[in-house]
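Structure at a glance
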Amino acid sequence: MSVLARTGRHKQRYQDHLRLVAGCIPYKRVEDKTCRAEERLLVLMISTPKRNDLVFPKGGWEDDESLTEAACREAYEEAGVQGVISEIPLGVWEFRSKSNENSSSKVGCCKGYMFALQVTQELHQWPGLSNYNRIWVEIDKAFEVCRYEWMRDALKSFMKSVSDTETEVEHQMMLMSSTSSYLGNNSSCCPTPQSPILTSSPNFLEL
């Protein structure tokens with residue numbers, strides 16, 4: 001992957017005058033099984049030197065990449081992380097760019113797609129190192145310091161997505177436990193082949 005960030009908008013995608021944007025919520029789990037599910041999660045946010053509030057990595061979706069590739073690229077360029085991205089977006093939001101927040105025209109309007117990104121690698125050098133500071137925060141803190149309301153909505157969708165995934169995993173683990181118990185209690189019977197049970201989400205891609 002290039003050590004230089006992309007610049008310019010000559011490859012930028014648009015739809016009905018809306019600039020198309022891709023971003024993600026990078027996250028990792030803390031090894032503390034005594035906490036509630038949301039407290040075991042940290043999300044990665046970035047800041048700029050002139051502001052104290054925080055945002056999630058995002059940027060323009062260009063015409064030579066897929067939507068998930070664009071989201072992964074922004075995470076790499078702005079936050080210096082790589083990982084496993086969800087196939088399905090957390091949602092789609094329309095918003096104004098920060099330079100046109102007070103404008104009533106269609107100029108500066110964006111349509112943003114946000115994804116969950118499970119971080120597997122944190123880089124020491126990345127394209128935006130001199131422009132962005134990155135910080136891991138707990139979920140409650142992320143809601144407090146997030147700059148944009150639409151990103152807080154994305155964070156709510158992220159929490160629901162994580163909760164649904166954990167519920168499915170717990171369900172699959174219970175099925176595995178029940179199957180093992182049944183086989184143990186019926187050891188005299190002829191065993192039948194068992195189909196493997198997936199315990200990880202099928203909606204994630206390694207990029």
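Residues numbered from 1 in each chain as written. Predicted model: local features only at pLDDT ≥ 70, side-chain atom pairs only at ≥ 80, totals over all residues. Heavy atoms only, no water.

1. Things to note about the overall build of the protein
- A count of helices and strands for the protein gives three helices and nine strands.
- The secondary structure elements of the protein, listed N-terminal to C-terminal, are β-β-β-β-α-β-β-β-β-α-α-β.
- The 207 residues of the protein split such that 40% are buried.
- Pairs at least 24 apart in sequence give 72% of the contacts found in the protein among residues at least 6 apart.
- Counting every atom, the protein has about 12,500 Å² of accessible surface; 51% of that belongs to carbon and sulfur. (Helix = DSSP H or I, 4+ residues; strand = E, 2+ residues; numbered from the N terminus. Buried < 20%, exposed > 50% of the residue type's maximum accessible area, 1.4 Å probe, protein only. Contact = heavy atoms within 4.5 Å. Areas by Shrake-Rupley, 256 points an atom, 1.4 Å probe, with all protein chains shown as cover.)

2. Some remarks on the pattern of salt bridges
- All chains considered together, the criterion is met by nine salt bridges.
- In this structure, the salt-bridge partner of Glu122 is Lys28, at a minimum N-O distance of 3.5 Å. Remark: Lys28 occurs in strand β2 (residues 18-29) and Glu122 occurs in strand β7 (residues 109-122); sequence separation between them is 94 residues.
- The partly exposed category is assigned to Lys28, whose relative accessible area is 27%.
- In this structure, Asp53 engages Arg51 in a salt bridge whose closest nitrogen and oxygen atoms are separated by 3.0 Å.
- By sharing partners, the salt bridges in this structure join Glu65, Arg73, Glu74 and Glu77 into a single network. (Salt bridge = Lys/Arg side-chain N within 4 Å of Asp/Glu carboxyl O.)

3. Remarks on the nonpolar core
- Ranked by internal contacts, the top residues of the largest apolar core, which has 46 residues, are Ile25, Val43, Met45, Phe56, Leu155 and Phe158.
- Counting residues per element, the ones that place at least two in this core are β2, β3 (41-47), α1 (67-79), β5 (81-86), β6 (91-96), β7, α2 (139-145) and α3 (149-185).
- If near-sequence neighbours (up to four positions away) are discounted, Val43 is found in contact with Ile25, Pro26, Tyr27, Phe56, Ile135, Trp136, Val137, Ile139, Ala142, Leu155 and Phe158. (Core = buried A, V, L, I, M, F, W, Y, C linked by side-chain atoms within 4.5 Å.)

4. Some details on the packing of aromatic side chains
- All told, the structure shown has four aromatic pairs when counted by the stated rule.
- An angle of 80 degrees between the planes, with centres 6.2 Å apart, marks the rings of Trp61 and Tyr113 as edge-to-face. Residue Trp61 is located in the loop between β4 (58-60) and α1, and its partner Tyr113 is located in strand β7; the two are separated by 52 residues in the primary sequence.
- The buried category is assigned to Trp61, whose relative accessible area is 14%.
- Taken together, Trp93, Phe95 and Trp150 form an aromatic cluster joined through their ring pairs. (Phe/Tyr/Trp six-rings, centres within 6.5 Å; stacked < 30°, edge-to-face > 60°.)

5. A few points about the pairing of β7
- The buried count for β7 comes to ten of 14 residues, which makes it a mostly enclosed element.
- Where β5 and β7 come together, five bridges link them in antiparallel fashion. Across the sheet, residue Ile85 finds its bridge partner in β7, namely Leu117.
- As paired elements, β6 and β7 share six bridges and run antiparallel to each other. The partner of Glu94 across the bridge, within β7, is Lys111. (Pairing = 2+ DSSP bridges.)

6. Some details on the side chain of Ser86
- As for its placement among the helices and strands, Ser86 is situated in strand β5.
- Engagement of the side chain of Ser86 in a polar contact is seen with the backbone oxygen of Ile88, the distance being 3.2 Å. (Polar contact = N/O pair within 3.5 Å; in protein donor to acceptor, adjacent residues only side chain to side chain.)

7. Overview of the state of the cysteines
- Going through the model one piece at a time under the given rule, you end up with zero disulfides.
- With no disulfide of its own, Cys109 has Cys110 as its nearest cysteine by sulfur position, at a separation of 7.3 Å. (Disulfide = S-S within 2.5 Å.)

8. Structural notes on the confidence of the model for the protein
- Across the protein, the average pLDDT comes to 81, with 67% of residues at or above 70.
- Per-element mean pLDDT across the protein ranges from 53 in strand β9 (residues 204-206) up to 97 in α1.
- Here residues 187-202 is modelled with pLDDT under 50, and outside its nearest four sequence neighbours on either side it reaches ten contacts, counting other chains as well. (pLDDT = per-residue confidence, 0-100.)

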